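# Chains, contacts and geometry: an overview
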Amino acid sequence: MDHQTLAAYDLEAAAFAKDWLGQPSPVDLQEIVERFFVRGGNSADIGCGCGREVAWLHANGFSAVGFDASEGLLNEARRRYPSFRFTHAELPELRGIGTFDNVLCETVIMHLDRKQIAPSVRRLFDIVKPSGILYLSWRITEGTDQRDAQGRLYAAFDPAMVLAELKGAAVLLDEEVVSASSGKKIHRLVVKKP
């Protein structure tokens, strides 16, 4: 992850967690998961933040583990949801995390330097088991890369860069929408691995 973005998440983890948990429930994301994820399969939330989606996955019949690059956010997740597993892992490497039937990566890759996006998408697809599902989304940034007031990077990139790394996948969903939770414009992909 971009070092300045990671530093912002570590420094202000409690404030970010409070903000995310105060947002409306991500019902649109939840409906997509219910529709496409493999029931009874194991799930990974890559970029789990404060653990909100891991808790929802468990509550709705999807065994899940959360991974994040920010130790601050992982500490928030562990404090809020002590019965679930949260582990440090960074894109693009995701060292030693195994494979999963379902991989969720919600609004994370836009925090990567553009040259890290393609290898990160390849690695996310690598950790999906055969016939498994990858849900991938990112916040859309028009024009050039931007940073917010906290210094977080929002990379601007063509969705074709992402799709090019998912060769052989069946694209089940490809859309640009406004997130029900954040109110931000995002691009969503759901693909199935052969």
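You'll find the structure just up there.
### Regarding the overall build of the chain
- For the chain, the count of helices and strands is seven helices and nine strands.
- Relative to the compact-globule value of 16 Å for 194 residues, the chain shows a C-alpha radius of gyration of 15 Å, a close match.
- Projecting the C-alpha coordinates of the chain onto the three principal axes gives extents of approximately 40 × 40 × 30 Å.
- For the chain, the proportion of its 194 residues judged to be buried stands at 53%.
- Long-range pairs, those at least 24 residues apart, make up 68% of the contacts in the chain with a sequence separation of at least 6.
- Here the chain displays about 8600 Å² of accessible surface, and carbon together with sulfur accounts for 51% of that area.
- Counting 23 positive and 26 negative side-chain charges, the chain places the centres of these two groups 3 Å from one another.

### Notes on the sheet that holds strand S8 (residues 170-178)
- Spatially, S3-S2-S1-S4-S5-S9-S8 is the arrangement adopted by the seven strands of the open sheet, whose pairing is mixed. Two strands in the sheet have a free side with no partner beyond their single neighbour: strand S3 (86-88) and S8. Adjacent strand axes in the sheet meet at a mean angle of 15 degrees when their direction is disregarded.
- Here strand S1 (residues 42-46) runs beside strand S2 (residues 63-68); their pairing, made up of five bridges, is parallel. From the neighbouring strand, Ile 46 faces S2, where its bridge partner is Phe 67.

### A short note on the pattern of salt bridges
- Scanning the model with the defined rule gives 15 salt bridges in all.
- Here Asp 113 makes a salt bridge to Lys 115, at a shortest N to O gap of 3.3 Å.
- Owing to a relative accessible area of 68%, Lys 115 belongs among the exposed residues under this scheme.
- In this structure, Arg 114 engages Asp 145 in a salt bridge whose closest nitrogen and oxygen atoms are separated by 2.6 Å. With Arg 114 in helix H6 (residues 114-126) and Asp 145 in the loop between strand S5 (128-139) and strand S6 (146-147), the pair connects residues that are 31 residues apart, well separated along the chain.
- For Arg 114, a relative accessible area of 37% gives the class partly exposed.
- A network of salt bridges, in which partner residues are shared, links Asp 28, Glu 175 and Arg 188.

### Quick look at the layout of surface pockets
- Taken as a whole, the largest pocket encloses approximately 660 Å³ of empty space.
- Around the largest pocket, the lining is made up of 35 residues, and of these Tyr 9, Trp 20, Glu 106, Thr 107 and Met 110 lie nearest the centre.
- Those elements giving two or more residues to the lining of the largest pocket turn out to be helix H2 (13-22), helix H3 (27-36), helix H4 (52-59) and strand S9 (185-192).
- Considering each element in turn, the lining of the largest pocket owes the most residues, three residues, to H2.
- The residue inventory of the lining of the largest pocket, partitioned by class, reads 14 nonpolar, nine polar and 12 charged.

### Regarding empty space enclosed by the protein
- In this structure the tally under the stated criterion is two cavities of 30 Å³ or more.
- In this structure, the largest cavity occupies an estimated 90 Å³ of space.
- If you go around the largest cavity, the residues you meet are Met 1, Ile 46, Gly 47, Phe 67, Asp 68, Ala 69, Ala 89, Glu 90, Leu 91, Leu 94, Val 108 and Leu 112.
- Its residues placed into classes, the lining of the largest cavity shows nine nonpolar, one polar and two charged.
- Reported here for the second largest cavity is a volume of approximately 30 Å³.
- Lining the second largest cavity, in full, are Pro 26, Leu 29, Gln 30, Val 33, Glu 53, Trp 56, Leu 57 and Leu 104.
- Residues that form the lining of the second largest cavity fall into these classes: six nonpolar, one polar and one charged.

The rules behind each value
- Per-chain numbering applies: the sequence of each chain, read as written, is numbered from 1 onward.
- Local features are withheld for residues below a pLDDT of 70 in this predicted model, meaning they are given only at 70 or higher, and side-chain atom pairs are given and counted only at 80 or more; totals for whole chains, interfaces and linings count all residues.
- Excluded from the side-chain calculation are hydrogens and water; included are all heavy atoms of the structure.
- Counting from the N terminus, the helices are the DSSP runs of H or I reaching at least four residues and the strands are the DSSP runs of E reaching at least two.
- In this treatment the radius of gyration is a C-alpha quantity, and the globule benchmark scales as 2.2 Å times the residue count to the 0.38 power.
- The buried label goes to any residue with under 20% of its type's maximum accessible area, the exposed label to any with over 50%, and the partly exposed label to all in between, with areas taken from a 1.4 Å probe on protein chains only.
- Two residues form a contact once any of their heavy atoms are found within 4.5 Å.
- Values of accessible area rely on a 1.4 Å probe in the Shrake-Rupley scheme; residue burial ignores everything except the protein chains shown.
- As used throughout, the charge tally considers Lys and Arg to be positive and Asp and Glu to be negative, leaving His and the chain termini uncounted.
- Where a charge lies is defined by one atom per residue type, namely NZ (Lys), CZ (Arg), CG (Asp) and CD (Glu).
- Strand pairing is assigned whenever DSSP identifies at least 2 bridges connecting the two strands.
- Axes here mean lines fitted to C-alpha atoms, for a helix over just the part in contact, with angles spanning 0 to 180 degrees between N-to-C directions.
- We count a salt bridge whenever a side-chain nitrogen from Lys or Arg sits within 4 Å of a carboxyl oxygen from Asp or Glu.
- Buried and open spaces are told apart on a 1 Å grid over the protein atoms alone, a cavity being a set of points where a 1.4 Å probe fits but cannot get out and a pocket being an open set with protein on both sides within 12 Å along at least five of seven lines. Residues with an atom within 4 Å of a point are the lining residues.
- Grid points are joined across faces, edges and corners, and a volume is the space filled by probe spheres set on the points.
- Any residue that is not Ala, Val, Leu, Ile, Met, Phe, Trp, Tyr, Cys, Pro, Asp, Glu, Lys or Arg is counted as polar, Gly included; the first ten are nonpolar and the last four charged.

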